[in-house]
Every structure is written in structure tokens, then in C-alpha cells.
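# Observations on chain architecture
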Amino acid sequence: MSKTQDFETKLENAKKILETLMNPEITLQNSVKAYEKGMSELSQAQKILEDAVIKIKEIKNN
């Protein structure tokens, strides 16, 4: 799986988790777990994006 697909997958997972969190019947415990998972997915997506920006800057400088 390429980094682009990983990034897209992470964002899609975060969107699904957000939908879960918007369910008014979710329990507090489940919402905390979902929030933690969503933040993890977004953090990983951010890292992938930062790596891509660094790579682009390296290419531009060469």
C-alpha cells in the first residue's frame, strides 16, 4: 500500500469514526475509545502529510 493510499485510508477511517461519535446513542465509554482512535488516525495522517511535504521540499532543492 502506498503512502497516498495510507493517507486516504487514515482520513476515511477518521470520517467513519466522526460519524460514530455523532450518534446520539453512543455511550461515553465508547465515545472516548472512538475519539482516541480517531485522533490516532488523524495523527498518523498528519505524519504522512508532513513526510510528503519534506520530500517535496527536497525535490525542489535539488
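Residues numbered from 1 in each chain as written. Predicted model: local features only at pLDDT ≥ 70, side-chain atom pairs only at ≥ 80, totals over all residues. Heavy atoms only, no water.

### Some thoughts on the overall build of the protein
Put simply, the rule is: A helix here means a DSSP run of H or I that spans at least four residues, while a strand means a run of E at least two residues long, and both kinds are numbered starting from the N terminus. Based on C-alpha atoms, the radius of gyration is set beside the globule rule, defined as 2.2 Å times the residue count to the power 0.38. With residues, only the protein chains shown are counted as cover, and all accessible areas are computed by Shrake-Rupley using a 1.4 Å probe. His residues and chain termini do not enter the charge count, which takes Lys and Arg as positive and Asp and Glu as negative. Charge placement uses NZ in Lys and CZ in Arg. For Asp and Glu, CG and CD serve respectively.
Secondary structure summary: the protein contains two helices and zero strands in total. Relative to its length of 62 residues, the protein is extended, with a C-alpha radius of gyration of 15 Å against a globular reference of 11 Å. Accessible surface computed for the protein: about 5200 Å², of which carbon and sulfur atoms make up 57%. A distance of 6 Å separates the average location of the 10 positive side-chain charges in the protein from that of its 10 negative side-chain charges.

### Considering the environment of L18
Stated formally: Each residue is placed in one exposure class: buried if its accessible area under a 1.4 Å probe, protein chains only, is under 20% of its type's maximum, exposed if it is over 50%, and partly exposed if it falls in between.
Tracing the chain through its elements places L18 in helix α1 (residues 3-21). Taking relative accessible area as the criterion, L18 reaches 48% and is therefore assigned partly exposed. Each C-alpha atom, one on L18 and one on Q44, is 16 Å from the other, the two residues being 26 residues apart in sequence.

### A closer look at the side chain of E41
As a reminder of what qualifies: In what follows, a contact means two residues having at least one pair of non-hydrogen atoms within 4.5 Å.
By the secondary structure assignment, E41 is in helix α2 (residues 28-61). For E41, a relative accessible area of 3% translates into the label buried. Discounting chain neighbours no more than four positions away, the residues touching E41 are K10, N13, A14 and I17.

### A short note on α2
One full turn of an α-helix is made of 3.6 residues, so residues set three or four places apart face in the same direction. Heads up, the rule is: An expected span of 1.5 Å times one less than the residue number is assigned to each helix.
In this model α2 runs 49 Å from its N-terminal to its C-terminal C-alpha over 34 residues, within 8% of the 50 Å that 1.5 Å per residue would give. Every buried residue of α2 is accounted for by S31, A34, G38, E41, A45 and I48.

### Concerning the side chain of S31
Within the secondary structure layout, S31 lies in helix α2. Overall, the relative accessible area of 16% leaves S31 in the buried class. If sequence neighbours within four positions are ignored, S31 has contacts with L21 and I26.

### Brief notes about a nonpolar patch on the surface
Going by this rule: Two distance rules govern patches: like charges are joined within 9 Å, and nonpolar side chains (Val, Leu, Ile, Met, Phe, Trp, Tyr) within 5 Å, applied only to residues with over 30% relative accessible area and no salt bridge. Any carboxyl oxygen of Asp or Glu that lies within 4 Å of a side-chain nitrogen of Lys or Arg is treated as forming a salt bridge with it.
A surface patch of nonpolar side chains, about 300 Å² in accessible area, is lined by Y35, M39 and L42. Secondary-structure assignment places M39 in helix α2. Since its relative accessible area comes to 40%, M39 is described here as partly exposed.

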